[in-house]
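# Structural overview
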Amino acid sequence: QVQLVESGGGLVQAGGSLRLSCAASGRTFRSVAMGWFRQAPGKERDFVAAINWSGGRMHYADSVKGRFTISRDNAKNTAYLEMNSLKPEDTAVYYCAARLNTVAAVTPQLYNFWGQGTQVTVSS
């Protein structure tokens, strides 16, 4: 299996930036696609961004397009989510996920492993 640990969350003012990290262990990192999802209280877990095994294909939710960037460093077994121009609506617990497939996916049901989440709070 794949173990995932998120870090980098925190409290930031609207317009600020945060960089989330997802450290992976277990299965060879190069063989899995990665995704970021978020969940606010009382809401469903929503897709944020995904990246394929090599880092050559990325997908973004419309709500974060142009503001967030997903990337990965296979040599470090780590995926990242760089978040810029943050809005209060971005406040949520952010989860890193891994899929036992080389192709990126945008639905949480297609991911096999999940981290514990990291809180991101954007104040106005």
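Quick summary incoming for the structure in this document. (Residues numbered from 1 in each chain as written. Predicted model: local features only at pLDDT ≥ 70, side-chain atom pairs only at ≥ 80, totals over all residues. Heavy atoms only, no water.)

## Let's talk about the nonpolar core
Of all hydrophobic cores here, the largest spans 37 residues; its most connected members are L4, M34, W36, L81, M83 and Y94. Elements represented by at least two residues in this core include exactly β1 (2-7), β3 (18-26), β4 (33-39), β5 (46-51), β7 (68-73), β8 (78-83), β9 (92-99) and β11 (118-123). Setting aside residues no more than four positions away along its own chain, M34 makes contact with L4, C22, F29, A50, I51, I70, R72, A79, C96, A97, A98 and Y111. (Core = buried A, V, L, I, M, F, W, Y, C linked by side-chain atoms within 4.5 Å. Buried < 20%, exposed > 50% of the residue type's maximum accessible area, 1.4 Å probe, protein only. Helix = DSSP H or I, 4+ residues; strand = E, 2+ residues; numbered from the N terminus. Contact = heavy atoms within 4.5 Å.)

## Let's talk about unusual backbone geometry
The bulk of non-glycine residues show a negative phi, and the bulk of peptide bonds are trans. At N77, a residue that is not glycine, the phi angle is positive and equals roughly 55 degrees. Positionally, N77 belongs in the loop between β7 and β8. Taking the relative accessible area as the measure of exposure, N77 reaches 31% and is therefore partly exposed. If you check the backbone angles, S85 has positive phi at about 50 degrees while not being a glycine. By the secondary structure assignment, S85 is in the loop between β8 and β9. Relative accessible area serves as the criterion here: at 41%, S85 is assigned to the partly exposed category.

## Concerning the packing of aromatic side chains
Per the counting criterion, the structure on display carries four aromatic pairs. Look at F37 and F47: their rings are 5.8 Å apart centre to centre, the planes differ by 70 degrees, and that puts the pair in the edge-to-face class. You can see F37 sitting in strand β4 and its partner F47 sitting in strand β5, a full 10 residues away along the chain. Across the pair, F47 and F37 agree in class, each one buried. Here the aromatic residues F37, F47, Y111 and W114 are joined through ring pairs into a cluster of three or more. We note R19 situated over the ring of Y80; from NZ or CZ to the ring centre the distance is 4.0 Å. Sitting over the ring of W114, R45 keeps its end group 4.9 Å from the ring centre. (Phe/Tyr/Trp six-rings, centres within 6.5 Å; stacked < 30°, edge-to-face > 60°. Lys NZ or Arg CZ within 6 Å of the ring centre and 35° of its normal.)

## Here's the deal with the environment of A98
By the secondary structure assignment, A98 is in strand β9. Expressed as a C-alpha distance, the spacing of A98 and Y60, which sit 38 residues apart in the sequence, is 16 Å. With sequence-adjacent residues up to four places away left out, A98 is seen in contact with V2, L4, A33, M34, Y111, N112 and F113.

## Re the state of the cysteines
Summed over the entire model, instances satisfying the criterion amount to one disulfide. There is a disulfide in this structure between C22 and C96, and the S-S distance comes to 2.0 Å. On the sign convention where negative is left-handed, the bridge of C22 and C96, at about -80 degrees about the S-S bond, is left-handed. With C22 in strand β3 and C96 in strand β9, the pair connects residues that are 74 residues apart, well separated along the chain. (Disulfide = S-S within 2.5 Å.)

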